[in-house]
Amino acid sequence: MSVTGSAGRGVGEAAEARQRPEPLGGLLKAARVGPDGHPAAVRRVLVWLGRAVGGSARIADDGGHPNGHPKPPASAPAPGTPDTALLRAVAAGSPRAAVVAEPGRYLRVLALGGERPHPVLVVTRPSPYDETAASLVAHAATVLELLLGAGDAEAQRRRLAEAGSGVRLSVLQLLMGGEVALAQRTMAGLRPGLLDAERAVVLVLESPAAERREVARACEGLLAGRALVVRCPADDGHVIIVAPTPPAPFTPADTAGTAEGGADGGVEAALREFVAGRDGVFLGVSDRHPLSRVAAGYDDAVRSLAAARLMPGRVARHRAGVRLAEVVDAGAAAAWAAGFLRPLGAVPAQDRGQLTATVRLGLEFTAVNAARLLGISRNTVRARMDRAAGLLGVDLGDVRDRAALDLALRFLDEAPGPGRYEGRDGGGRYEGRDEGRDGGGEDGRDGGRAAGGEGALADVGLWRLLDAVPVRVWARGLLAPLRTDERDLLRTLRDWVGENCAVEPAARRRGVHPQTVREHLRGAEGLLRRQLVAGGSGLHEVVLALTAAAGDPYEAPCGMTSGWSARGDRAPVTPSCPATVHP
């Protein structure tokens, strides 16, 4: 009898032990938020609660559907579904809790949180709730409220962060398009006064694409509002930093860029330190540029990255050296550029700024990347490029035409006085000449002369600008590093440009394998510290230098001077190479 009784008590105690809830330590362990975030912690708490009460638990909306949380494991009893009207009432907070008892199924329904409609916790078990089970449900509900609230706060923080990121991207795109005033007004709501500067340094951090978000967040924290930090829309591995510099008179000495920790508010110094402490990250730094020329600064910084990848410190500043604009006759260059771009005066003023900003980026980047940087479609970029090409009579599929157009835009940027293209406000205004289509004006400015009455200078062709001793010295200095390589990279580069940057025709002309041409181009990029194969202003400078260094238009690579002269010039036109443009 005693044995039987003892055995009976043992079986009962074992059954009771199986029914006994898990300790609350399990709840705290389940609620710990890890790298998988708050939603995963909520799921773990629901699974713990279901096991603890010998049933199942879930969070439902007011229609009885799971509220963004997965169903319980298949091994758990299927949760009951309260009446939809009851769920709606609990979600509305009246009542905040309810108990449902049915044969073989008992439900507890609780509203969570303080905001309506409330998430609804539904707990089901096959037997009535004793005091312990009810207490576990109450404890779990409290923890779930905290987790859901923290998760909502985190989601809100992320939404705000993404909204801020979107605003910063819009500001960058406005700056890329030369819309400085609009960019300043837009940024004022996020960081007042940040863009109240005349000039800025552009820096580009390169990291593995998978690490870019983390790198961008680290930069934002490191720079503490001293610069505009944007994840590049065109390159998944780049973070763009625009660091405004205090308003100050600009002198040629400034072209060397800011000193570390100097005029850019210490941004460059902070980022250099960041790069030094993190493997796999590179930094390219531009010269100082007007805010209206942030796109040029971005180009400088991207070009500097090519050098940074080869440097032990993984940081490179753009080495401006002597610019072509500094060695040509400034008046003749401005007049030639004004005449070259004169047909753009036919574009309405309200559209001209967008057109020229798109052309600038279209000459530097692919249509896809230019579109991303400007925040427009690639078809819009192509349409604007085609429109400009049609007005100017150029073939933008020819590297020589692209180089000439790029140079004309740069000359007008740097030209003082009449004839300068004023793009700072994005309006694209040509000063000192008539805006009409007929080319006539009250000041004697006709279709054949540039502003300021300098009619003769307007007829000076590009070849005549390049055929000057200072320019030839500049060109030979730029190309000099190629002569240090025994592979005769200069000849390969000349043939490649002469074949409009086509590798296989250049290989046939050179008498080598196409892979050899590619290797020579990579070597030339390293020596010249310029991107060549990717195109852009680095390639355009080399095209112009090759032409100038030849010393005679007939000795320049195939077609490189074709059509680069104005009326009266005698440069050759090679049928196999499309002519470049000047009316």
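Residues numbered from 1 in each chain as written. Predicted model: local features only at pLDDT ≥ 70, side-chain atom pairs only at ≥ 80, totals over all residues. Heavy atoms only, no water.

1. Re the confidence of the model for the chain
Scored by pLDDT, the chain comes out at a mean of 75, with 74% of its residues at no less than 70. pLDDT under 50 marks residues 247-261. Its contacts with residues more than four places away, or in other chains, come to 29 contacts. Low pLDDT, under 50, characterises residues 416-460; the predicted model gives this stretch 95 contacts beyond four residues in sequence or across chains. (pLDDT = per-residue confidence, 0-100. Contact = heavy atoms within 4.5 Å.)

2. Some thoughts on helix α17 (residues 469-479)
Restricting attention to buried positions, one finds in α17 the residues V471, R472, W474, A475, L478 and L479. Taken down its axis, α17 places every buried residue within 160° of arc, on the same side. Facing away from the buried side of α17 by over 90 degrees, the exposed positions are V469 and V473. (Buried < 20%, exposed > 50% of the residue type's maximum accessible area, 1.4 Å probe, protein only. Helix = DSSP H or I, 4+ residues; strand = E, 2+ residues; numbered from the N terminus. Arc of directions from axis to C-beta.)

3. Quick word on the nonpolar core
Y298 and W496 are the most contacted members of the largest nonpolar core, which has 99 residues in total. In terms of residue count, helix α14 (residues 399-414) provides more of this core than any other element does, 9 residues in total. Apart from residues lying up to four places away in sequence, W496 is in contact with C501, A502, V503, A506, V517, L521, L532, V533 and L539. Counting 27 residues, the second largest nonpolar core, distinct from the first, contains V42, L46, A57 and L144. (Core = buried A, V, L, I, M, F, W, Y, C linked by side-chain atoms within 4.5 Å.)

4. Re the side chain of R168
Mapped onto the elements of the fold, R168 is located in helix α5 (residues 131-176). Reaching out from R168, the side chain makes a polar contact with the side chain of E220 at a distance of 3.2 Å. Those residues within four positions of R168 in sequence are excluded, and the remaining contacts are A161, M187, L190, E220, L228, V229 and V230. (Polar contact = N/O pair within 3.5 Å; in protein donor to acceptor, adjacent residues only side chain to side chain.)

5. Digging into the sheet that holds strand β4 (residues 120-125)
Strand-to-strand pairing in sheets goes through backbone hydrogen bonds, with the strands running parallel or antiparallel. Sheet architecture is open: 4 strands sit in the order β1-β4-β3-β2, paired in antiparallel fashion. Since the sheet does not close on itself, it has two edges, and those belong to β1 (56-60) and β2 (97-102), each with one partner. Across the sheet, the mean angle separating the axes of adjacent strands is 15° when strand polarity is ignored. Strand direction decides the pairing type here: β1 and β4, joined by 5 bridges, are antiparallel. Looking across to β4, one finds that R58 is bridged to V122. Together, β1 and β4 form the strand contacts of helix α3 (residues 37-52), whose direction differs from that of β1 by roughly 140°. (Pairing = 2+ DSSP bridges. Axes fitted to C-alpha atoms, helices over the stretch in contact; angles between N-to-C directions.)

6. Let's talk about unusual backbone geometry
Look at the link from S94 to P95: it is a cis peptide, with omega at 0°. Tracing the backbone shows P95 in the loop between α4 (84-91) and β2. Unlike most non-glycine residues, D488 shows phi in positive territory, near 55°. With respect to the helices and strands, the residue D488 is situated in the loop between α17 and α18 (489-498). Judged by relative accessible area, D488 falls into the partly exposed class, the value being 36%.

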